[in-house]
Amino acid sequence: MILLTHLGNIKIDKNLDNEYYNSNITLMFNVIKQSSILDSSGQMIIVHNIFGLTSSQSINSNDITLVTHSSLSSIYHLPFLAKRWQGYISIAIFSLAASLDITIQAILFFAKCYPSLAAKISIHLVFPLHNSSHILAHLSASSLKLNSFASFKCNHFKLAITSQVYHQNYNHGFDYPNNLLRNVAASNVFTKFQLIVDIDLVPSYNLKKNFINYIHLNQLQNDSIIWKNHEDEKTVYILPVFEVNLDDNKSEEQSIPKDKKSLLKMVEQGECRPFYFELCWKCQKYTNYELWSLNSNNDDDFKNNYKVKWHDPWEPFFISRIDAPKYDERFRQYGFNRISQVRG
């Protein structure tokens with residue numbers, strides 16, 4: 001892609017002993033039981049800020065937050081995503097009520113393995129109301145004290161996650177509430193700008209730094225300057241997105257290009273192509289990949305290369321102000337869900 005906490009007293013313990021797990025799991029379940037709210041449909045339970053940053057902490061508002069969502073099955077993408085981003089992240093995780101114990105343990109396992117990354121992340125939970133009260137009421141003390149990740153080392157984070165889950169993002173027995181998750185994560189952003197992406201999208205290496213430099217150079221952090229007319233209020237910054245063939249013999253760091261120059265080289269070699277090139281090209285072609293490719297290969301040259309007006313059914317990924325329209329939460333599962341926000 002060229003593209004706070006109720007638990008402020010949690011201590012990230014690198015030894016990850018049973019006392020660490022038991023005390024923090026108990027705290028997190030208390031948050032679930034005491035701070036849960038229903039979504040607008042009355043079908044989903046939302047728990048804001050189960051772990052991580054809060055609005056009361058020192059956050060630079062003239063910054064940009066990466067907003068994303070996932071089920072437990074795909075949360076293994078988070079470490080590499082956070083390493084690439086090197087900034088604030090707000091993520092909403094979907095879990096079945098019966099899997100809340102594993103989900104919470106996975107969050108603590110991530111915090112233990114990647115403490116510096118976890119320090120800039122806020123995590124929120126969404127799970128179905130159906131049967132949840134029965135499950136929560138019957139969770140025993142012994143079940144909460146089971147450390148499912150005790151036998152795994154941090155360098156096996158992906159294996160640890162995939163070995164504990166049996167459902168993919170869109171295969172839970174419930175319709176995956178992607179737009180609700182996006183809205184929940186976005187509602188916990190405390191910077192002026194946001195980038196909303198799916199958990200398996202990876203930003204180019206210096207995207208955040210270059211965009212911050214760009215907004216300061218153009219004084220876009222100044223509300224009175226950026227919104228000079230109605231057209232500016234609907235201006236967003238489109239990020240071309242590509243699909244990369246991952247090499248099973250290489251790490252993500254080695255397989256995914258860091259910058260535009262290396263990405264274009266992979267395109268020439270047939271190892272990379274524009275996002276949805278085969279699946280739904282009409283949904284992405286208005287990005288004008290050809291024109292973007294012909295412009296400067298210098299990632300530090302973060303400027304408005306060209307302007308494009310929105311066309312149906314374009315579903316771009318973009319950087320926007322946080323007052324951008326919300327997503328229509330009636331859309332669930334896969335396909336044509338992000339367009340509800342773009343058309344807003």
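Residues numbered from 1 in each chain as written. Predicted model: local features only at pLDDT ≥ 70, side-chain atom pairs only at ≥ 80, totals over all residues. Heavy atoms only, no water.

Asker: Would you mind showing me how to read the pattern of salt bridges here?
Answerer: Oppositely charged side chains are able to pair whenever their charged atoms sit close together. Under the definition given, this model contains six salt bridges. The residue Arg273 makes a salt bridge to Glu278 at a minimum N-O spacing of 3.2 Å. Look at the salt bridges and you will find they share partners, linking Glu243, Arg273 and Glu278 into a network. (Salt bridge = Lys/Arg side-chain N within 4 Å of Asp/Glu carboxyl O.)

Asker: I keep staring at the environment of Cys280 and nothing clicks. Help me out?
Answerer: Relative to the helices and strands, Cys280 is located in the loop between β9 (272-274) and α14 (289-294). Here the alpha-carbon distance between Cys280 and Trp314, two residues 34 residues apart in the chain, equals 9.7 Å. (Helix = DSSP H or I, 4+ residues; strand = E, 2+ residues; numbered from the N terminus.)

Asker: Help me understand the environment of Ala119, please; the structure alone is not making it clear to me.
Answerer: If you trace the backbone, Ala119 turns up in the loop between α4 (115-118) and β5 (121-128). Judged by its relative accessible area of 48%, Ala119 is partly exposed. For the pair Ala119 and Phe51, spaced 68 residues apart in sequence, the C-alpha to C-alpha distance is 9.8 Å. (Buried < 20%, exposed > 50% of the residue type's maximum accessible area, 1.4 Å probe, protein only.)

Asker: Explain helix α2 (residues 78-85) to me, please; I cannot follow it from the model alone.
Answerer: By the criterion of burial, α2 is predominantly enclosed, with seven of the eight residues buried. For α2, every residue scored as buried is listed here: Leu78, Pro79, Phe80, Leu81, Ala82, Arg84 and Trp85. Just downstream of α2 lies Gln86, where phi reads positive at about 55 degrees.

Asker: What am I meant to see in the state of the cysteines here?
Answerer: Evaluation of the coordinates by the stated rule reveals two disulfides. What pairs with Cys113 in a disulfide is Cys154, and their sulfur atoms sit 2.2 Å apart. Measuring handedness by torsion sign, the sulfur bridge of Cys113 and Cys154 sits at about -80 degrees and is left-handed. Here the residue Cys113 occupies a position in helix α3 (residues 100-113), and Cys154 occupies one in the loop between α6 (141-144) and α7 (157-162), the gap between them amounting to 41 residues. (Disulfide = S-S within 2.5 Å.)

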